[in-house]
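Take a look at the letters that make up each chain.
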Amino acid sequence: MNPFPPGRGLLAAEWTKLRSLRSTPLLLAVATAATLSLAVFQARAAVRGWDTWGPRARTEFDPVFGTFTGFQLAQFAFGLLGVLAVTAEYGTGTIRATFAATPRRGRVVGVKLLVVGALAFAAGELLAFVTFFAGQTTLAGKHLDVGLGDPNVLRAVLGQGFYVGTVALLGAAIGMIVRHTAGATALTAGLLFLAVTLLKAVSADGSTALSRWAPGVAAEGLTWTTFHDPEWPSASFATLVCLTYLVVTITVAAVCVTRRDV
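Note that the structure is a prediction, hence the values are computed from the model and not measured.

Thresholds applied
- Residues numbered from 1 in each chain as written.
- Predicted model: local features only at pLDDT ≥ 70, side-chain atom pairs only at ≥ 80, totals over all residues.
- Heavy atoms only, no water.
- Helix = DSSP H or I, 4+ residues; strand = E, 2+ residues; numbered from the N terminus.
- Rg over C-alpha atoms; globule rule 2.2 N^0.38 Å.
- Buried < 20%, exposed > 50% of the residue type's maximum accessible area, 1.4 Å probe, protein only.
- Contact = heavy atoms within 4.5 Å.
- Core = buried A, V, L, I, M, F, W, Y, C linked by side-chain atoms within 4.5 Å.
- Salt bridge = Lys/Arg side-chain N within 4 Å of Asp/Glu carboxyl O.
- Phe/Tyr/Trp six-rings, centres within 6.5 Å; stacked < 30°, edge-to-face > 60°.
- Lys NZ or Arg CZ within 6 Å of the ring centre and 35° of its normal.
- Expected span 1.5 Å × (residues − 1).
- Polar contact = N/O pair within 3.5 Å; in protein donor to acceptor, adjacent residues only side chain to side chain.

Peer 1: How would you sum up the overall build of the protein? Please name residues and give values.
Peer 2: From N to C terminus, the protein includes 11 helices and zero strands. For the protein, the α and β elements follow one another from N to C terminus as α-α-α-α-α-α-α-α-α-α-α. Here the C-alpha radius of gyration of the protein, 20 Å, is about what a compact globule of 262 residues would show, namely 18 Å. Projected onto its principal axes, the C-alpha positions of the protein cover 70 × 40 × 30 Å. Sorting the 262 residues of the protein into buried and exposed places 46% on the buried side. Within the protein, contacts between residues separated by at least 24 positions form 77% of all contacts whose residues are at least 6 apart in sequence.

Peer 1: Just give me the short version of the environment of Ala189, but keep the residues and values in it.
Peer 2: Looking at the secondary structure, you find Ala189 in helix α8 (residues 181-193). Remark: the alpha-carbon pair of Ala189 and Gln75, spanning 114 residues in sequence, is separated by 9.4 Å.

Peer 1: Can you explain the nonpolar core? Please cite residues and give values.
Peer 2: Within the largest apolar cluster, 59 residues are counted, with the highest numbers of intra-cluster contacts made by Phe78 and Tyr163. Examining the composition of this core, we find that 14 residues originate from one element, helix α7 (residues 153-178), more than from any other. Setting aside anything within four residues of it in sequence, one finds Phe78 in contact with Leu28, Ala31, Ala120, Ala123, Gly124, Leu127, Val164, Val167 and Ala168. Counting six residues, the second largest nonpolar core, distinct from the first, contains Ala43, Trp50, Leu139 and Leu144.

Peer 1: Tell me about the pattern of salt bridges, residues and numbers included.
Peer 2: Side chains that differ in sign of charge can pair as their charged atoms come close. The tally for this structure, following the rule as stated, stands at six salt bridges. A salt bridge links Lys142 to Asp51; the nearest nitrogen and oxygen atoms lie 2.9 Å apart. Here the residue Lys142 occupies a position in the loop between α6 (105-139) and α7, and Asp51 occupies one in the loop between α2 (23-49) and α3 (55-60), the gap between them amounting to 91 residues. With a relative accessible area of 27%, Lys142 lands in the partly exposed category. Judged by its relative accessible area of 55%, Asp51 is exposed.

Peer 1: Tell me what's going on with the packing of aromatic side chains, and back it up with residues and numbers.
Peer 2: What describes a pair of aromatic rings is the distance from one ring centre to the other and the angle between the planes of the rings. Applying the stated criterion across every chain, the model contains nine aromatic pairs. Plain terms: the ring middles of Phe76 and Phe193 are 6.2 Å apart, the flat faces sit at 50 degrees to each other, and that makes the pair tilted. Taken together, the residues span a long stretch of sequence, with Phe76 in helix α4 (residues 71-92) and Phe193 in helix α8 at a distance of 117 residues. Looking at Phe76, the relative accessible area reads 27%, which means it is partly exposed. Ring pairs connect the aromatic residues Trp50, Trp53 and Phe61, which therefore count as one cluster. Looking at Arg105, its charged tip hangs above the ring of Phe99, at a distance of 4.4 Å from the centre. Sitting over the face of the ring of Trp224, Arg155 holds its NZ or CZ atom 4.8 Å from the ring centroid.

Peer 1: An account of unusual backbone geometry is needed here, citing residue identities and associated values.
Peer 2: Phi is positive for His143, which is not a glycine, with a value near 60 degrees. As for its position among the elements, His143 is in the loop between α6 and α7. Its identity is not glycine, yet Asn152 carries a phi of approximately 70 degrees, on the positive side. Note on placement: Asn152 falls in the loop between α6 and α7.

Peer 1: Kindly report on helix α11 (residues 235-259), identifying the contributing residues and their values.
Peer 2: Residues three or four positions apart in an α-helix share a direction because the helix packs 3.6 residues into each turn. Here α11 contains 25 residues, and its C-alpha end-to-end distance of 36 Å stays within 8% of the 36 Å for a straight helix at 1.5 Å per residue. On the buried face of α11, the contacting elements are α4, α5 (95-101), α6, α7, α8 and α10 (215-223).

Peer 1: Describe the side chain of Thr35, and please don't skip the residues or the numbers.
Peer 2: Summarising the element assignment, Thr35 is placed in helix α2. At a separation of 3.1 Å, a polar atom in the side chain of Thr35 contacts the main-chain carbonyl oxygen of Thr32. A distance of 3.5 Å separates a polar atom in the side chain of Thr35 from a polar atom in the side chain of Thr131. Setting aside its immediate chain neighbours within four residues, Thr35 contacts Gly70, Phe71, Ala74, Leu127 and Thr131.

Below you can see the structure in the form of structure tokens.
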């Protein structure tokens, strides 16, 4: 009997693989701990220091963006989740059985990305909302909190969840391209943390035109609410950046998986 039948069977098989990885719950737990702890820490720091802040610091304080600091660490956890969802199967050699049972490799690529994306986007959005409420509850002690109905707030919370979900898919696509955990992890980390530095270095006259295409800068553009740094892209442009990375990396990954040997 085919262990990886088309349709729902293949979907169930990929879901079983993902949830059976020990790294999946561990990485989600790390992401949760980082975002929640830093959200409360940053909010408490704002509450304690508000009376000593100058006018500029108060003007630039963003009650949502400021409590989402932990997502700078969580994004790597989500990226690694995507990487391991793919490279673990290459590392054990079970990918050969998968492709033998499902010769249409494009279908495997699509379903694998669907499963990783569904988990990552759901977990990312849930984590964004929980982090938001944790931070705002703490800020309420100084009446610095905002609600989901305030301008740009719901968009920022949804944008943060969307961003980490995007990062997980990027990690999975890079894993399909590189096929090795160490190499895919290094490439994903470089894309997340070093891309902005490299793009600034090659920009003429300190222009921010290229650096706006760095994933990390796109994350900032998605999550501001009250203060908007001129170097950050708009939320719509940041969304375009994320979608562009997804289209390019997934297309390359599909080509690599379908045209080369395991």
